[in-house]
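# Report on the structure
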Amino acid sequence: MKRVLKNSVLISFLLFNGIAYSQELQSLNKPTEAVYELIKKYNLEEVDFDYVKNAIGNGNRNSVSSILIDARPEIKYQRGTIPSSLNIPDTNFEEYYNVLKDVPKDKELIVYCGGYNCTKSPTVAKLLRDKGHKNVKVYSAGEPEWAKKSYLEIDTSVVKVYQENNSAFIVDARPYVKFLQETIPGAISIPDTELDKLIGKFPINKNEKIVIFCGGFSCEKSHIIANKLISLDYKDVTVYAGGLPAWKESGLGTTVNAKVKKEEKTEKKEQFSKNGMKLGVDEGSVDGEWLKKLILEDKVPEFIQIVDVTAPNEFKNGHIKGAINIEAAKLTAEELISKLPKGKTIIFNCTAGGRSIEAWAKLKAKKFDISEIYYLDANISCKGNDCKIDVNEPLE
């Protein structure tokens, strides 16, 4: 997880935990027809949770026998990915492919994305094959299944939010002497070698958010503790694999090199857009629960136009009532903006949030007027116009 957020817009995206999924999506136990057709078309081999678990060993990058590729957008990757994964989004494949420049073409690559309804993993697997990689597999259950069964790896920006808000139990797994020399402010010391003796230091509440770090991507200590906690039925365990080195590299204060400054209170954010849409926590987002209520009650205001950015066949299978379909991924920013209805508040949606965020970011990057263009970050499953919507909750 070497890539870092480039600006405050992307940092703001992290204010969702991104691991809530609708009951229907969770109940899927095989790829949807669209995903299956791609797997069949590209003649890809599928692997399961146990196969991936074995492939990543202890979870640190030095222990892996295979390289995991997360095909989701970078912002989804940063807020929670399978340990040791590299990020190659399908929509920015060429830009991100460089992470594999030194990898032998016969090395096993396992590609995954947002679960059984996500086409990004077979798409990226095919692109990797086109680059000459000979041993490419797909883990179709992807991040949703992994998040339910094990722990995720998170980025510096997420840990920074937890640390500032004092909303997670942050653990330094390095030797105590290292902890005394320098650590992340607010962390407590529980060395992996002392785990059995200090296990009582962990919260009694097994739903408490726990973040564990050590000496960087090649350090296995945080993964050892994470695996132990998962075996003890802790539900919300994450590893900050970049650890203290990545924290310092990002210019954040430690117990030695700087006093942590509380960020100045910013002036109160507007609650509604000019047209009257309720704003979400992150820049560019709609308040998902507000919109969900309106959708389910069939009371979406006339000034709002929901734009489903999925492929036409996905839209045909089911979509939010009143939505129109524009497959944003196949359009340039200029083409996309030209197709959007004028005089409306636009809200992009898709099945898992990633493509709607990408559509909004595409327009933002080209500096179009997006003052009334937003995205819904939610997991949505529709049969006809009967939709189940599970909104990703903001970090606390």
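A quick note: this is a predicted structure, and the numbers were derived from the prediction, not measured. One numbering rule holds for all chains: residues counted from 1, following each sequence as written. Given that this is a predicted model, residues contribute local features only at a pLDDT of at least 70 and side-chain atom pairs are listed and counted only at 80 or more, while totals for whole chains, interfaces and linings are drawn from all residues. Note: side-chain values were computed over all heavy atoms of the structure, leaving out hydrogens and water.

## Brief notes about the overall build of the chain
By the criteria applied, helices consist of DSSP H or I runs no shorter than four residues and strands consist of E runs no shorter than two, each listed in order from the N terminus. Within the chain one finds 17 helices and 16 strands. For each residue, the accessible area found with a 1.4 Å probe, counting protein chains only, is set against the maximum for its type, and the residue is called buried under 20%, exposed over 50%, and partly exposed in between. The burial tally for the chain puts 54% of its 396 residues in the buried class. Note on contacts: a residue pair is in contact if any heavy atoms of the two residues lie within 4.5 Å. Sequence-distant contacts in the chain: of pairs separated by 6 or more residues, those separated by 24 or more amount to 70%. Split by element, the accessible area of the chain, about 19,000 Å² in all, is 50% carbon and sulfur. Using the Shrake-Rupley algorithm and a 1.4 Å probe, accessible areas are obtained, with residue cover drawn only from the displayed protein chains.

## Details of the side chain of Asp192
Looking at where Asp192 falls in the secondary structure, it is placed in the loop between β8 (188–189) and α11 (195–198). Residues contacting Asp192, with those up to four places away along its chain left out, are Ala173, Lys221, Ile224 and Ile225.

## Focus on the packing of aromatic side chains
Note on aromatic contacts: the rings of Phe and Tyr and the six-membered ring of Trp form a pair at centre separations within 6.5 Å, being stacked when their planes are under 30 degrees apart, edge-to-face when over 60 apart, and tilted otherwise. Across all of its chains, the model carries seven aromatic pairs by this definition. With a centroid separation of 5.9 Å and an interplanar angle of 55 degrees, the aromatic rings of Phe169 and Phe202 are classed as tilted. Separated by 33 residues along the polypeptide, Phe169 in strand β7 (residues 169–172) and Phe202 in the loop between α11 and β9 (209–213) bring together distant segments of the chain. Phe202 gets classed as buried once you look at its relative accessible area, which sits at 3%. Through a chain of ring-to-ring contacts, three or more aromatic side chains come together here, namely Phe169, Phe202 and Tyr234. The cationic tip of Lys131 hangs over the ring face of Tyr97; the distance from NZ or CZ to the ring centre is 5.0 Å. Put simply, a charge is over a ring when the Lys NZ or the Arg CZ is close to the ring centre, within 6 Å, and near the line of the ring normal, within 35 degrees. Cation over ring: Lys206 sits above Tyr234, and NZ or CZ is 5.4 Å from the ring centre.

## A closer look at the sheet that holds strand β6 (residues 152–153)
Pairing is parallel in the open sheet, where five strands are placed in the order β6-β10-β9-β7-β8. Pairing within the sheet leaves two strands with one partner each, and these edge strands are β6 and β8. Bridge analysis of β7 against β9 gives four bridges, and the strand direction is parallel. What sits directly across from Val171, in β9, is Ile212. For two strands to count as paired, DSSP must find a minimum of two bridges between them.

## Considerations on the confidence of the model for the chain
This prediction gives the chain a mean pLDDT of 88; 89% of its residues lie at or above 70. Across residues 2–26, confidence stays below pLDDT 50; counting only partners more than four residues off in sequence or on other chains, it has 81 contacts. Across residues 260–266 the pLDDT falls below 50, and counting only partners more than four positions away or on other chains, this stretch makes six contacts in the model. Confidence of the predictor at the level of single residues is given by pLDDT, which spans 0 to 100.

## With respect to the pattern of salt bridges
When a carboxyl oxygen of Asp or Glu lies within 4 Å of a side-chain nitrogen of Lys or Arg, that pair is called a salt bridge. Inspection of every chain in the model, using the stated rule, returns 25 salt bridges. Counted as one network, the salt bridges with shared partners bring together Glu45, Glu108 and Lys137.

## Examining the state of the cysteines
In plain terms, two cysteine sulfur atoms within 2.5 Å form what is called a disulfide here. The full count for this structure, using the stated rule, is three disulfides. Each disulfide pairs two cysteine sulfurs, and for Cys214 the partner residue is Cys219, the sulfurs being separated by 2.2 Å. Handedness here is read from the sign of the S-S torsion; for Cys214 and Cys219, about -130 degrees, the answer is left-handed. In this pair, the class of Cys214 matches that of Cys219, namely buried. Between the sulfur atoms of Cys382 and its disulfide mate Cys387 the distance is 2.0 Å. Residues Cys382 and Cys387 are joined by a disulfide whose S-S torsion is about 110 degrees; by sign, that bridge is right-handed.

## Describing empty space enclosed by the protein
Buried and open spaces are told apart on a 1 Å grid over the protein atoms alone, a cavity being a set of points where a 1.4 Å probe fits but cannot get out and a pocket being an open set with protein on both sides within 12 Å along at least five of seven lines. Residues with an atom within 4 Å of a point are the lining residues. Grid points are joined across faces, edges and corners, and a volume is the space filled by probe spheres set on the points. Counting across every chain of the model gives two cavities of 30 Å³ or more. As a volume, the largest cavity reaches approximately 180 Å³. Here the lining of the largest cavity is composed, by residue class, of five nonpolar, six polar and four charged. Three categories are distinguished: nonpolar for Ala, Val, Leu, Ile, Met, Phe, Trp, Tyr, Cys and Pro, charged for Asp, Glu, Lys and Arg, and polar for the others, with Gly belonging to the last.

## Some points on helix α3 (residues 33–41)
Those residues of α3 not exposed but buried are Val35, Leu38 and Ile39. With its buried residues spanning 100 degrees around the axis, α3 presents them on a single face. For α3, exposure combined with an orientation more than 90 degrees from the buried face picks out Glu33, Lys40 and Lys41. At its buried positions, α3 is contacted by β1 (45–46), α7 (120–130) and β5 (136–138). Just downstream of α3, Asn43 is the residue with a positive phi angle, here 55 degrees. The arc refers to the directions leading from the helix axis to the C-beta atoms.

## Quick look at the nonpolar core
Note on terminology: a nonpolar core comprises buried Ala, Val, Leu, Ile, Met, Phe, Trp, Tyr and Cys residues joined through side-chain atoms within 4.5 Å. Counting 24 residues, the largest nonpolar core has Ile67, Ile69, Leu100, Val111, Val124 and Leu128 as the members making the most contacts within it. With near-sequence residues (within four places) excluded, Ile67 lies in contact with Leu86, Leu100, Val103, Lys107, Glu108, Leu109 and Ile110.

## Let's talk about the pairing of strand β13 (residues 345–349)
Counted residue by residue, β13 has five buried out of five residues, so it is predominantly covered. Every second residue of β13 is oriented toward a common face, with Thr345, Ile347 and Asn349 on one face and Ile346 and Phe348 on the other, all of them buried. Here strand β11 (residues 304–308) runs beside β13; their pairing, made up of five bridges, is parallel. In the strand pairing of β13, Ile304 is matched with Thr345.

## Let's talk about the sheet that holds β13
Strand pairing within a sheet occurs via backbone hydrogen bonds; the two strands may be parallel or antiparallel. If you walk across this open sheet you meet the four strands as β12-β11-β13-β14, and the pairing is parallel. The sheet terminates laterally at β12 (324–325) and β14 (373–375), the two strands that pair on one side only. The axes are straight lines fitted to the C-alpha atoms, using for helices just the contacting stretch, and the angles between their N-to-C directions are given from 0 to 180°. In this fold helix α17 (residues 354–365) packs onto β13 and β14, with an angle of close to 150 degrees to the strand it touches most, β14.

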